[in-house]
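Chains, contacts and geometry: an overview
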Amino acid sequence: MGFAMVALRRRWQAWWQSRLPLADTHVLTQRNVYIVPTPVGLAFCATLGVLLLASINEQLSLGYALTFALTGAGLASMHTTHANLRGLQLDLKPPEGVHAGDDYPLALRLHNPGAARHGLAVQAQLTDGSLSQPAWVDVPARGHAQLTLRLPAEQRGLRALPTLQLSTRFPLGLFRAWSYWRPASTVWVYPRAEQPPPPFPTQPEAGDAATSGSAPAQAGGSDFAGVRAYRRGDTLRAVLWRKSVSALEAGLPPWVRDTEAPPAHELWLLWEASAGRDIEARLARLTAWVLAADRAGRPYGLRLPGQALAPALGLQHKLACLQALARHG
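Residues numbered from 1 in each chain as written. Predicted model: local features only at pLDDT ≥ 70, side-chain atom pairs only at ≥ 80, totals over all residues. Heavy atoms only, no water.

**What about the packing of helix 2 (residues 39–58) against helix 3 (residues 61–83)?**
- At their nearest, the axes of helix 2 and helix 3 sit 9 Å apart, and the two run at 160 degrees to each other. With respect to their mutual orientation, helix 2 and helix 3 come out roughly antiparallel. The hand of the helix 2/helix 3 crossing is left-handed. Across the interface between the two elements, F44, L48, L51, L52, S55 and I56 from helix 2 touch G63, Y64, L66, T67, L70, T71 and G74 from helix 3.
- Considering only residue class, the contact of helix 2 with helix 3 consists of eight nonpolar, five polar and no charged. (Axes fitted to C-alpha atoms, helices over the stretch in contact; angles between N-to-C directions. Helix = DSSP H or I, 4+ residues; strand = E, 2+ residues; numbered from the N terminus. Parallel < 35°, antiparallel > 145°, perpendicular 65-115°, else oblique. Left-handed = near helix turned anticlockwise from the far one by under 90°. Contact = heavy atoms within 4.5 Å. Nonpolar A, V, L, I, M, F, W, Y, C, P; charged D, E, K, R; others polar.)

Encoded structure:
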C-alpha cells in the first residue's frame, strides 16, 4: 500500500511538473499562487463552528461578536498570506559544474516591487519526491534579497535543475500559500575523482606517440636565463646577495637569478590506461588525472572510445574534458 502511494505521488508530481513552463525567471501572480488551510487553520475553523453553535444555542450576543471578530481575523490572515507571495519576481544564477556526490549552490535573487515580505521559504523537490531543507528569507519593501540552496549532485551528466517551491505561512500560520517554479538552466555533474589521485599513466613509446600526436613525457627542470631586478613573489633563494650589495646600498631592489622552465611535454590520458575496472571507476580515475594535470600545468589530451580531445591547457579545455567524461556511456 505504501509503495502504491509513493508511485501515485510521483506520477502526480511528474504530471504536474510537465504543465509548468521552463524559465529562469518566475513572477508570482494570481494564477500561479495557491493557498490552503494548515492543520492549525482547520482547527481554527472548527473552533469557530463550535463558537457559532454555542452562541446560537445560548443566544449569546458576545459569543456572536467573538465569532465574527475571529472570522474576520481569519479572512484577513488568508488575504495577507496570499499577498505575501503575490507580485514577487525571482531569478537564478546558473550553477557551475560539480562532481558527483558533492553539493552545488543554487543562488536565487528575489525582487519585491511592493510592501515588505516575511517568512518566505524556498525548497527543491529532490529525485525521491521529498523536499529539501527550506532556506528562509525576508524581502524588504521595494528591495531585493538573495539566498542560496545547497542541493545534492547524485548522478553524473547534464542534469536539469529541480523544481523549486516558494511558500509562506505568514502572518498567523492559519494558511499556507505556495508557488512552483521549474528552472530552465542545467548543471553539469562530473564524475567523482578517485582519491588519492593515482600516478599518471605510462605514456606511449615514440612510435605510438607520433600516432597519437604527443611525445613521451620527460622530467621537467629549470635553466639559467640571466639576472634581473627583484620582483614581488621571488624567493629568497633566488637572490644573488653578493651581486646585490651595491644595489641595496643605493636603495635599489636586489638582483635575482632568472630561470626559464623548459616547455612542458604533452600528456595523454587514455581510456585504455584505466582497464581492469568498471566504467564508473575508470571515469573516476580519468577525472583524477585531468584535475592533476591541470594543477601541474602540463598540456594534456583525453582519449575516450569514439572521442579524442587534443592536448591543451586552460579552464575551457578542463571543462571540455570533464564534460566528455560526464557524458560518457
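**Looking at the sheet that holds strand 9 (residues 157–160)**
- One open sheet holds the three strands; their spatial order is 4-12-9, and the pairing between them is mixed. On the outer flanks of this sheet lie strand 4 (98–99) and strand 9, each paired with one strand and no other. (Pairing = 2+ DSSP bridges.)

**Quick look at a nonpolar patch on the surface**
- Side chains of L52, I56 and F68 sit close together on the surface and give an oily, nonpolar patch of about 280 Å² of accessible area.
- With respect to the helices and strands, L52 occurs in helix 2.
- You can call L52 partly exposed: its relative accessible area is 32%. (Patch = residues over 30% accessible without salt bridge, like charges linked within 9 Å, V, L, I, M, F, W, Y side chains within 5 Å. Areas by Shrake-Rupley, 256 points an atom, 1.4 Å probe, with all protein chains shown as cover. Salt bridge = Lys/Arg side-chain N within 4 Å of Asp/Glu carboxyl O. Buried < 20%, exposed > 50% of the residue type's maximum accessible area, 1.4 Å probe, protein only.)

**Things to note about the sheet that holds strand 10 (residues 164–168)**
- Pairing is antiparallel across the open sheet formed by five strands, whose spatial order is 2-11-10-6-7. Only two strands of the sheet have a single partner each, and these edge strands are strand 2 (34–37) and strand 7 (135–139). Sheet twist, expressed as the mean angle between neighbouring strand axes with direction ignored, is 30 degrees.
- Of the pairings in the sheet, the one linking strand 6 (residues 117–124) to strand 10 comprises five bridges and is antiparallel in character. Paired with A121 across the bridge in strand 10 is S167.
- In the packing of helix 3 onto the sheet, contacts are made with strand 2, strand 6, strand 10 and strand 11 (175–181), and the angle to strand 11 comes to roughly 20 degrees.

**So, the pattern of salt bridges**
- Evaluated as defined, the whole model comprises five salt bridges.
- The partner of D91 in a salt bridge is R109, and the shortest N-O contact between them spans 2.7 Å. Linking D91 in strand 3 (residues 89–93) with R109 in strand 5 (residues 103–111), this pair joins segments that are 18 residues apart in sequence.
- Note on D91: relative accessible area 14%, which makes it buried.
- The class for R109 is partly exposed, based on a relative accessible area of 30%.
- Residue D102 is joined to R192 by a salt bridge in which the shortest nitrogen-to-oxygen separation is 3.0 Å. In this pair, D102 sits in the loop between strand 4 and strand 5 while R192 sits in the loop between strand 12 (186–190) and helix 4 (206–212), placing the two residues 90 residues apart along the sequence.
- For R192, a relative accessible area of 47% corresponds to the partly exposed category.
- In this structure, a network of salt bridges that share partners links the residues E194, R277 and R285.

**Describing the pairing of strand 11**
- Counting buried positions along strand 11 gives seven out of seven residues, so the element sits mostly inside the fold.
- What you see with strand 11 is no split at all: F175, A177, S179 and W181 on one side and R176, W178 and Y180 on the other are buried throughout.
- With four bridges connecting them, strand 2 and strand 11 associate as antiparallel partners. By the bridge assignment, V36 is partnered in strand 11 with R176.
- Pairing between strand 10 and strand 11: five bridges, direction antiparallel.

**With respect to the environment of A308**
- Within the secondary structure layout, A308 lies in strand 17 (residues 307–312).
- With 16 residues separating them in the primary sequence, A308 and A324 have C-alpha atoms 9.4 Å apart.
- What A308 contacts, discounting residues up to four positions off in sequence, is L302 and R303.

**As for the packing of aromatic side chains**
- Within this structure, the stated rule accounts for two aromatic pairs.
- Note that R303 overlies the ring of W268, its terminal NZ or CZ placed 5.9 Å from the centroid. (Phe/Tyr/Trp six-rings, centres within 6.5 Å; stacked < 30°, edge-to-face > 60°. Lys NZ or Arg CZ within 6 Å of the ring centre and 35° of its normal.)

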